[in-house]
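Observations on the three-dimensional arrangement
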Amino acid sequence: MKIKSILFSVLLTGGYYFLCNYWEDIRFRYEANQGQWSENAMKAQEFLYDLNTPHYSCITGSSLGFNLAGNVLPNNYFNLCFRGQSVIDGLELLEYKERLPDTVFVEINYVSRGRSKDFKRKIASNRYEVNLKKHLIFLRDKYMPVGIVANYMEGKINFWRQRYKSLTIKPSANAPVKEIANGLPKIDKVREDIIRLSVKTMRIVPDTASINTTFSRTGSLLKALEAKGVTIVFFEMPIDCALVNSNLLNKNRKEMEQRFTKQHYFYIAHEGCGAYYTVDGLHLDHESAVRYTNYFVKQLQTGH
């Protein structure tokens, strides 16, 4: 009985390994994305295991930098910003990368945010795990069976739901239109409330010990990359004008200026807040994200 169980497990594992490696639908259509954490994990693992370009650059940061328009960035740029995570979470993954990027772009809006206690342990707790998942791809989050089945079923349900709507609901001639004022969407009440709340929360600055710990860790990671020939470039994502000069971000900028001086590091010039629209005061909407990404790329082409 034990031998049969072992043989069954081996056959099942081998069969799933074959499917993950050679069945295109699983590899490219039914990935196991089940939320923010899952999305972050899959992106991190894609960077560690699938990115084999000899020359590339990567962008590290928070969910603000996550919104950079991928279709505007150069093909050899990998956006390593994670929703709800910090700059450190992206930089620590580079410790496990065999081929380092030519340039690392660091979003500085939330450098003061501490690292996640579980993220690195979940993605790459040690080099043995990294090597194992590099070759046995069915161990990665992207290929978790439950997530793949759930996404497959969700896709089928959405297909039939849209099919039903197209047959039963006629488009209205009076569909709502996004209101525009001075080239930017008008502020709605919900958004105003969110921004007011952010104004209050961003008055609070982390204690000195926390800031020193976070900036020291960031500094040590960046210096290690510089020692290996990686160029470091800093940039600040545009946010709502009501939040630009908050206590939190002003403290952030002051620490950056003292620890990473403009005499020794490249900073992409901050274009200001007036030209962009955010959905919640912090995160750019799609149109503004595309506009800023074009500005970002233009600065790279002109030498920062």
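To keep things clear, this report deals only with the structure shown in the data block. (Residues numbered from 1 in each chain as written. Predicted model: local features only at pLDDT ≥ 70, side-chain atom pairs only at ≥ 80, totals over all residues. Heavy atoms only, no water.)

**Some details on the side chain of T60**
- Its place among the elements puts T60 in strand β1 (residues 57-61).
- Residue classification places T60 among the buried positions, given a relative accessible area of 0%. (Helix = DSSP H or I, 4+ residues; strand = E, 2+ residues; numbered from the N terminus. Buried < 20%, exposed > 50% of the residue type's maximum accessible area, 1.4 Å probe, protein only.)

**Remarks on the pattern of salt bridges**
- Tallied over the entire structure, the rule returns 10 salt bridges.
- Its salt-bridge partner being E39, residue R83 comes within 3.2 Å of it at the nearest N-O pair. With R83 in the loop between β2 (77-81) and α5 (87-93) and E39 in helix α3 (residues 36-49), this residue pair connects regions lying 44 residues apart in the sequence.
- What makes R83 partly exposed here is its relative accessible area of 29%.
- Taking relative accessible area as the criterion, E39 reaches 25% and is therefore assigned partly exposed.
- K189 is paired through a salt bridge with D193; the nearest N and O atoms lie 3.3 Å apart. Within this pair, K189 and its partner D193 are both found in helix α9 (residues 189-201), separated by 4 residues, close to a single helical turn.
- Among the residues examined, K189 registers a relative accessible area of 58% and is labelled exposed. (Salt bridge = Lys/Arg side-chain N within 4 Å of Asp/Glu carboxyl O.)

**Details of the packing of aromatic side chains**
- In the structure shown here, the tally under the stated rule is 12 aromatic pairs.
- Put simply, the rings of Y77, F105, F235, Y276, Y292, Y295 and F296 touch in pairs and so form one group of aromatic residues.
- Here the basic side chain of R113 rests over the ring of Y110, its NZ or CZ set 4.7 Å away from the ring centre.
- Its guanidinium or amino end placed over the ring of Y267, K262 lies 5.5 Å from that ring's centre, counting from NZ or CZ. (Phe/Tyr/Trp six-rings, centres within 6.5 Å; stacked < 30°, edge-to-face > 60°. Lys NZ or Arg CZ within 6 Å of the ring centre and 35° of its normal.)

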